[in-house]
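# Residue-level structure breakdown
Residues per chain, in single letters:
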Amino acid sequence: MYLSQEEERTLSGECGKTSRRMMEILVALGDIYGAERLIPVRSVQIAGVSFKNIGDAGLEWIRDLNGQVVVPSILNPAGMDLCRWQEMGISEEFASKQLQTVEAYRRLGITIDCTCTPYQIYDELARPGDHLAWSESSAVSYANSVIGARTNREGGPSALAAALIGKTPAYGYHLDECRRPTHLIKVDADLAGSDYGALGFVAGRIVKDGVPLFRLRSRPLRDELKALGAAMAASGSVALYYVEGVTFSPPLPLESEETLSLGREEIEEVYEHHPGSGAEIVALGCPHCSVQELERVADLLEEKKVTKELWICTARKTAEARPDLVRKIEASGARVLCDTCMVVSPASERFSKMLVNSGKALSYLPGLCGVKAGFSSTKDCIRAATEEGPA
Amino acid sequence: MREIRCHKVASGCASGPALCTREAISFLGNVDPETGKVVDPSHELYGECICGKVLIFPGGKGSTVGSYVIYRLQKRGLAPAAMVNLRSEAIVAVGAIISGIPLVDRVPEEVLQLERGTWVKVDADQGTIAISE
């Protein structure tokens, strides 16, 4: 890989031990993936925030670093609401470690927004054509597919390296040749809301790490694209997709003639195979709710009281933008949780079954939290959370 | 003693007894960070302790959290002395770099079949593996 003189100096340790290690990470990854050079990034979103995932060693590693980020950098969701963790049943020990982790990131100059939807709270972090180093798989998918920016799916350390150096190796989704569609998926059904999560759940398993191009009958809204991408990134490892007539067009035509047809039946199977019966908790906001989704939840909860635990997960800045909606939602007894979600918080582990409207949460809850998952539309989730008797 | 050329991924030089597998390793899930043992019953190395070994495997797989698991192992003194891959991928590469564990790749496949316990010296900086025979 070609390195500039300045990059060579950093690699030789002239700029300190942390910069050296960070440059080593970027160069090693560039080498592995055949990058020719490093490219500047506009922003970084860093994984490895929930203490549940990184543990003591991860915290120690972050604490051992010295330096300041050189591009705008924000965080992935944490293992708890940073203010209301007690209500979530989080232990003091975990809370202390989680707050120390966030503090260790703050010390490096990182903005403390813990969210998988950075694009819902800041416009300037990603614009069409920008190179980014983002981590969270649904945010990566959204940035690549809906915003038209370019990012690989970074691990925690490689994202942090990009934040401290301001660059990332140019390989993978930074290059046109890797942004070429690999599968054409025709969907002959009218889809809405959580149907897109179901479609993503199915499509991700089929295309794995491919780049699907969808030909849809219905026209997805931004939140529906968010759900589609999130689910495909979880059931497969899709980091980029296209929807004809909706998203940006591919830079290169379809690679193969591999065409798949899906219909109502495949979508319905996702609901049928994951019934909500027996769920003790309902959780929405995977990925984090937008203002529009909070509005819808608030409307559905109007004049209702919850009969089960109901979590609505969102970014703190989104909640702060609409205190009226938070009040409306919480008047039902539901909780609007910020900075965290059901997938990364240990608070989920005390439940045996959770009902969700997200194809991503559906994929991850059993494996990451040991929690069974049911899948329903937002409306049915709210109904289950507010009806008498078991779900 | 024979020497094999390889490609440096993470710098350093270390030696130890070889522990080889033909299966990829997901450090998150396959290896217990508290004991350094392979705890996945379906893995070829099930029950083996990787601590102090020259761990030779095709490459990593699974969650990126695996990088931190390698770091945790190192902090507890339970990490491999060095690692050798056919082709390193990001999880193991990053884990090795942040932990200061020598890691090399691009070795011939026969290296995966070294007898366990064979003494191996990995010199990532020189790009060589020395095998005692």
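Model, not experiment: these values are computed from the prediction.

So, on to the overall build of chain B. Broken down by element type, chain B carries 3 helices and 8 strands. If you list the helices and strands of chain B from N to C, you get β-β-β-α-β-α-β-α-β-β-β. For 133 residues, the compact-globule formula gives about 14 Å, and the C-alpha radius of gyration of chain B, at 13 Å, lands near that figure. Dimensions of chain B along its principal axes, counting C-alpha atoms only, are 35 × 25 × 25 Å. Considering chain B as a whole, with its 133 residues, one finds that 59% of them fall into the buried category. Nonlocal contacts in chain B, meaning residues at least 24 apart in sequence, comprise 69% of its contacts between residues at least 6 apart. Carbon and sulfur atoms make up 48% of the accessible area of chain B, which totals about 5,300 Å².

Residues and elements named next belong to chain A. By secondary structure assignment, the location of Asn152 is in the loop between helix H6 (137-147) and helix H7 (156-165). The exposure class of Asn152 is buried, given its relative accessible area of 5%. Side-chain polar atoms of Asn152 contact the backbone nitrogen of Tyr173, separated by 2.8 Å. Contacts of Asn152, omitting those with residues within four sequence positions, involve Trp134, Val140, Tyr171, Gly172, Tyr173 and His174.

Every contact between the two is made by 20 residues of chain B and, on the other side, 22 residues of chain A. At the surface where chain B touches chain A, the tally comes to 2 salt bridges. Notably, a salt bridge pairs Glu60 of chain A with Lys75 of chain B, separated by 2.9 Å at the nearest N-O pair. Counting across the interface, chain B meets chain A through 7 residue pairs in polar contact (both at pLDDT 80 or more). Those elements that provide at least two residues to the side of chain B that touches chain A are strand S2 (7-10), helix H2 (66-75) and helix H3 (90-99) of chain B. Considering only residue class, the side of chain B that touches chain A consists of 9 nonpolar, 6 polar and 5 charged.

All names here are of chain A. Note the cis peptide between Cys286 and Pro287, where omega equals -5 degrees. Examined against the element boundaries, Pro287 turns out to sit in strand S9 (residues 281-289). Of note, Lys208 is a non-glycine position whose phi angle comes to about 55 degrees, a positive value. With respect to the secondary-structure elements, Lys208 resides in the loop between helix H8 (195-207) and strand S6 (212-216).

Residue and element names in this part refer to chain A. Looking at chain direction, strand S5 (residues 183-188) and S6 are connected through 5 bridges and run parallel. Bridged to His183 within S6 is Pro212. Taking the sense of rotation as the criterion, the β-α-β connection linking S5, H8 and S6 turns out right-handed. Looking at chain direction, S5 and strand S8 (residues 259-263) are connected through 5 bridges and run parallel. Along S8, the bridge assignment pairs Asp188 with Gly263.

Let's shift gears to the sheet that holds strand S8 (residues 128-131) of chain B. Residue and element names in this part refer to chain B. Overall, mixed pairing links the 8 strands, which are arranged S1-S8-S7-S3-S4-S5-S6-S2 in an open sheet. Bordering the open sheet on either side are strand S1 (2-5) and S2, each of which pairs with just one other strand. For this sheet the average axis-to-axis angle between neighbouring strands, irrespective of direction, equals 30 degrees. Direction of pairing for S2 relative to strand S6 (residues 103-105): antiparallel, over a ladder of 3 bridges. Considered in S6, the bridge of Lys8 is made with Val104.

Here we come to the side chain of Ser88 of chain B. Relative to the helices and strands, Ser88 of chain B resides in the loop between strand S5 (82-85) and H3. Once residues lying within four places of it in the same chain are set aside, the contact partners of Ser88 of chain B are Ile32 of chain A together with Val9, Leu103, Val104 and Asp105 of chain B.

Let's shift gears to the pattern of salt bridges. Note on pairing: side chains with opposite charge can pair once their charged atoms come close. All names here are of chain A. Taken as a whole and assessed by the stated rule, the structure comprises 36 salt bridges over all chains. Here Glu349 ties to Lys52 by a salt bridge, and the two come within 3.0 Å at their closest N and O atoms. Of the two residues, Glu349 is situated in the loop between strand S11 (335-338) and strand S12 (353-356) and Lys52 in helix H3 (residues 51-64); the sequence distance between them amounts to 297 residues. When the shortest N-O distance is used, the salt bridge between Arg127 and Asp130 registers 4.0 Å.

With that settled, the discussion passes to H2 of chain B. Judged by how many residues are buried, H2 of chain B sits mostly within the fold: 8 of 10 residues are covered. For H2 of chain B, the complete set of buried residues consists of Gly66, Ser67, Tyr68, Val69, Ile70, Tyr71, Arg72 and Leu73 of chain B. Buried residues in H2 of chain B make contact with H3, helix H4 (92-107) and H7 of chain A together with helix H1 (27-30), S5 and H3 of chain B. Of the residues flanking the end of H2 of chain B, it is Gly77 of chain B, one or two places downstream, whose phi is positive at about 75 degrees.

A word on the sheet that holds S5 of chain A. In spatial order, the strands read S7-S6-S5-S8 (chain A); together these 4 strands make up an open sheet with parallel pairing. Across the chains shown, the open sheet's two edge strands, defined by having one partner strand only, are strand S7 (242-243) and S8 of chain A.

The next subject is the packing of helix H9 (residues 222-235) of chain A against helix H14 (residues 359-369) of chain A. All names here are of chain A. Contact geometry of H9 with H14 gives a least axis separation of 7 Å together with a crossing angle of 25 degrees. Relative to H14, the element H9 lies roughly parallel. Between H9 and H14 lies a crossing whose hand is left-handed. From H9, Ala230, Ala231, Ala233, Ala234 and Ser235 reach across to H14, where they touch Gly359, Lys360, Ser363 and Tyr364. For the contact of H9 with H14, the class distribution of residues is 5 nonpolar, 3 polar and 1 charged.

Residues and elements named next belong to chain A. Parsing chain A into structural domains produces domain 1 (5-175), domain 2 (180-264) and domain 3 (274-386). Taking only C-alpha atoms, the centre of domain 1 and the centre of domain 2 are 27 Å apart. On the side of domain 2, 16 residues touch domain 1, which itself brings 16 residues to the contact. When residues of domain 1 are sorted by the area they lose upon contact with domain 2, Ser145, Val146 and Tyr173 head the list and together hold 39% of the total.

Cut-offs used in this document
Residues numbered from 1 in each chain as written. Chains lettered and ligands numbered in written order. Predicted model: local features only at pLDDT ≥ 70, side-chain atom pairs only at ≥ 80, totals over all residues. Heavy atoms only, no water. Helix = DSSP H or I, 4+ residues; strand = E, 2+ residues; numbered from the N terminus. Rg over C-alpha atoms; globule rule 2.2 N^0.38 Å. Buried < 20%, exposed > 50% of the residue type's maximum accessible area, 1.4 Å probe, protein only. Contact = heavy atoms within 4.5 Å. Areas by Shrake-Rupley, 256 points an atom, 1.4 Å probe, with all protein chains shown as cover. Polar contact = N/O pair within 3.5 Å; in protein donor to acceptor, adjacent residues only side chain to side chain. Salt bridge = Lys/Arg side-chain N within 4 Å of Asp/Glu carboxyl O. Nonpolar A, V, L, I, M, F, W, Y, C, P; charged D, E, K, R; others polar. Pairing = 2+ DSSP bridges. Right-handed = clockwise from strand over helix to strand, strands pointing away. Axes fitted to C-alpha atoms, helices over the stretch in contact; angles between N-to-C directions. Parallel < 35°, antiparallel > 145°, perpendicular 65-115°, else oblique. Left-handed = near helix turned anticlockwise from the far one by under 90°. Domains from an automatic or database assignment. Buried area = accessible area lost by both parts, 1.4 Å probe.

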